[in-house]
Amino acid sequence: MTPLTQITELKEHLAALRYFPGTSGNLAIRNDVQSLYVTTSGIDKNITHEDSFVQVDYSGQPIDSLLKPSLETVLHLEIFNRTDAQVSLHVHSVENNVISEIYGDDKKVTFKNQELIKAFGLWKENDVLIIPIIENPADVTQLAQLFAQHVQKDYGVVLIRNHGMNVWGRSKDEALKFLEAAEFLFKYRLQLNAAQYYLHTLKER
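Per chain, the residues get numbers from 1 upward, laid out in the order the sequence is written. Reporting of local features is limited, given that this is a predicted model, to residues whose pLDDT is at least 70; pairs of side-chain atoms are given and counted only at 80 or more, and all residues count toward the totals for whole chains, interfaces and linings. Side-chain measures here rest on the full set of heavy atoms in the structure, leaving out hydrogens and waters.

Trainee: Before we go on, may I ask you to explain the nonpolar core in this structure?
Mentor: Where a protein is soluble and globular, its nonpolar side chains tend to be buried together. Of all hydrophobic cores here, the largest spans 36 residues; its most connected members are L14, V109, F120, M165 and F186. Helix and strand definitions here come from DSSP, where helices need a minimum of 4 consecutive H or I residues and strands a minimum of 2 consecutive E residues; each element is numbered from the N-terminal end. Among the elements that line this core, the one with the most residues is helix α5 (residues 172-204), at 8 residues. The residues touching M165, leaving out its near neighbours within four places in the chain, are L89, H90, V91, N96, V157, V158, L159, L179, A182, E183 and F186. Membership of the second largest hydrophobic core comes to 11 residues, among which are L75, I134, V151 and W168. For the purposes of this section, nonpolar cores are sets of buried Ala, Val, Leu, Ile, Met, Phe, Trp, Tyr and Cys residues that join through side-chain atoms within 4.5 Å. The classification of residues rests on relative accessible area computed with a 1.4 Å probe and restricted to protein chains. Under 20% of the type maximum is buried, over 50% is exposed, and intermediate values are partly exposed. Working rule for contacts: check all heavy atoms of both residues, and any pair within 4.5 Å makes them a contact.

Okay, here's the thing in structure tokens:
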């Protein structure tokens, strides 16, 4: 299966889960030593056609195309130029935005004693998953600089405050696993916080 076919299938899978509201979100996959495929800026990702992806070099310049790559290609480039990751995903959800705002001042959100952290290779009883949260400057160059500080492995997760989440992995399946596990953990934390608040208010009555 070619890289373009893989990223197209992944796009269609995430589109079915409604991860691309208002043309938001973007995806990238390493093609070869000279290029990668990224989603085209402003294109409805719920539909697949010949303009869904644009081939770019490792500086983000389109190769033989007039299509404009996603503005957040700079984030994908930080991953592909710093690691051996093969796939990078950037998605927006209500849950990852709310979590990033609640814990934004802490610059991280942590999870422990939760089964889904095993998706990140954390199997020991006292293991802790730490997901960093960075600010969201309007200048994407500044955003890329903040983001780059947390790109240290061939896989990872970073939240951008009130913006979205970037996940990357050594394969399409690994990147998707991280995305699904992280989104589950965000929903879990929000519902747990709500339940704890409700129980607290009952005790205060």
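Trainee: What's the story with a nonpolar patch on the surface in this structure? I'm lost.
Mentor: Residues enter patches when they are more than 30% accessible in relative terms and free of salt bridges; like-charged ones are connected within 9 Å and nonpolar ones (Val, Leu, Ile, Met, Phe, Trp, Tyr) within 5 Å. Reported accessibility uses the Shrake-Rupley method at a 1.4 Å probe radius. Residues are deemed covered only where the shown protein chains occlude them. In what follows, salt bridge is the name for a side-chain nitrogen of Lys or Arg lying within 4 Å of a carboxyl oxygen of Asp or Glu. Among the surface-exposed residues, V94, V98 and I102 lie close enough to one another that they form a single nonpolar patch of about 260 Å² accessible area. By the secondary structure assignment, V98 is in helix α3 (residues 94-102). Owing to a relative accessible area of 34%, V98 belongs among the partly exposed residues under this scheme.

Trainee: Which parts of the structure should I look at to understand the packing of helix α2 (residues 73-82) against helix α4 (residues 140-148)?
Mentor: Between two packed helices, both the angle of their axes relative to each other and the distance between the axes serve to describe the pair. In this description, a line fitted to the C-alpha atoms serves as the axis of each element, helices being fitted only across the stretch in contact, and the angle between N-to-C directions of two axes falls anywhere from 0 to 180 degrees. Relative orientation of the contacting elements α2 and α4 amounts to 35°, with a least axis distance of 9 Å. Crossing handedness for the pair α2 and α4: right-handed. From α2, V74, L75, E78, I79 and R82 reach across to α4, where they touch V140, L143, A144, F147 and A148. In the scheme used here, Gly and all other residues not listed as nonpolar or charged are polar, with Ala, Val, Leu, Ile, Met, Phe, Trp, Tyr, Cys and Pro taken as nonpolar and Asp, Glu, Lys and Arg as charged. Residue classes in the contact of α2 with α4 are distributed as 8 nonpolar, no polar and 2 charged. Should the near helix be turned counterclockwise from the far one by less than a right angle, the crossing is left-handed, whereas a clockwise turn marks it as right-handed.

Trainee: What exactly am I supposed to notice about unusual backbone geometry here?
Mentor: Comment: phi is negative for the bulk of residues other than glycine, and the bulk of peptide bonds are trans. Within the chain, R18 stands out as a residue other than glycine whose phi angle is a positive 65°. Along the polypeptide, R18 turns up in the loop between α1 (3-16) and β1 (26-30). The residue N162 is not glycine, and still its phi comes out positive at about 55°. Structurally, N162 can be placed in the loop between β7 (156-160) and β8 (164-169). In this structure N162 comes out as partly exposed when scored by relative accessible area, which is 44%.

Trainee: When you look at the side chain of T83 in this model, what are you seeing that I'm missing?
Mentor: Within the secondary structure, T83 sits in the loop between α2 and β4 (87-91). A distance of 2.8 Å separates the side chain of T83 from the backbone oxygen of I79, its partner in a polar contact. Residues within four places of T83 in sequence aside, it is in contact with R30, V151, K153 and D154. Throughout this description, a polar contact denotes any pair of N or O atoms lying within 3.5 Å of each other; where both atoms belong to protein, one of them has to be capable of donating a hydrogen while the other can accept it, and for residues adjacent in sequence the pair is counted only when both atoms sit in side chains.

Trainee: Please explain the pairing of strand β2 (residues 36-39) as it appears in this structure.
Mentor: One face of the sheet, then the other: side chains in a regular strand alternate in exactly this way. Side chains L36 and V38 of β2 all project onto a buried face; the interleaved residues Y37 and T39 project onto the opposite face, where all are buried too. Strands are treated as partners if at least two bridges between them are detected by DSSP. As judged from the 3 bridges shared by β1 and β2, these two strands associate in the antiparallel manner. Following the sheet pairing, I29 is matched in β2 by Y37. If you look at the hairpin formed by β1 and β2, you'll find 5 residues sitting between the two strands. Direction of pairing for β2 relative to strand β3 (residues 53-56): antiparallel, over a ladder of 4 bridges. Among the inter-strand pairings, Y37 is bridged to a residue of β3, identified as Q55.

Trainee: Mind showing me how you'd approach the packing of aromatic side chains here?
Mentor: To describe a pair of aromatic rings, you give the distance between the ring centres and the angle between the ring planes. The criterion for an aromatic pair is that two Phe, Tyr or Trp rings (for Trp, the six-membered ring) have centres within 6.5 Å, with stacked assigned to planes under 30 degrees apart, edge-to-face to planes over 60 apart and tilted to the rest. With the rule as written, the count across this model stands at 4 aromatic pairs. Ring geometry for F111 and F186: centres 6.3 Å apart, planes at 45°, overall tilted. In this pair, F111 sits in strand β5 (residues 108-112) while F186 sits in helix α5, placing the two residues 75 residues apart along the sequence. Here F111 falls in the buried class, since its relative accessible area comes to 1%. A relative accessible area of 0% places F186 in the buried class. Each residue in the set F120, Y155 and F178 is aromatic and connected to the rest through ring pairs, giving one cluster.

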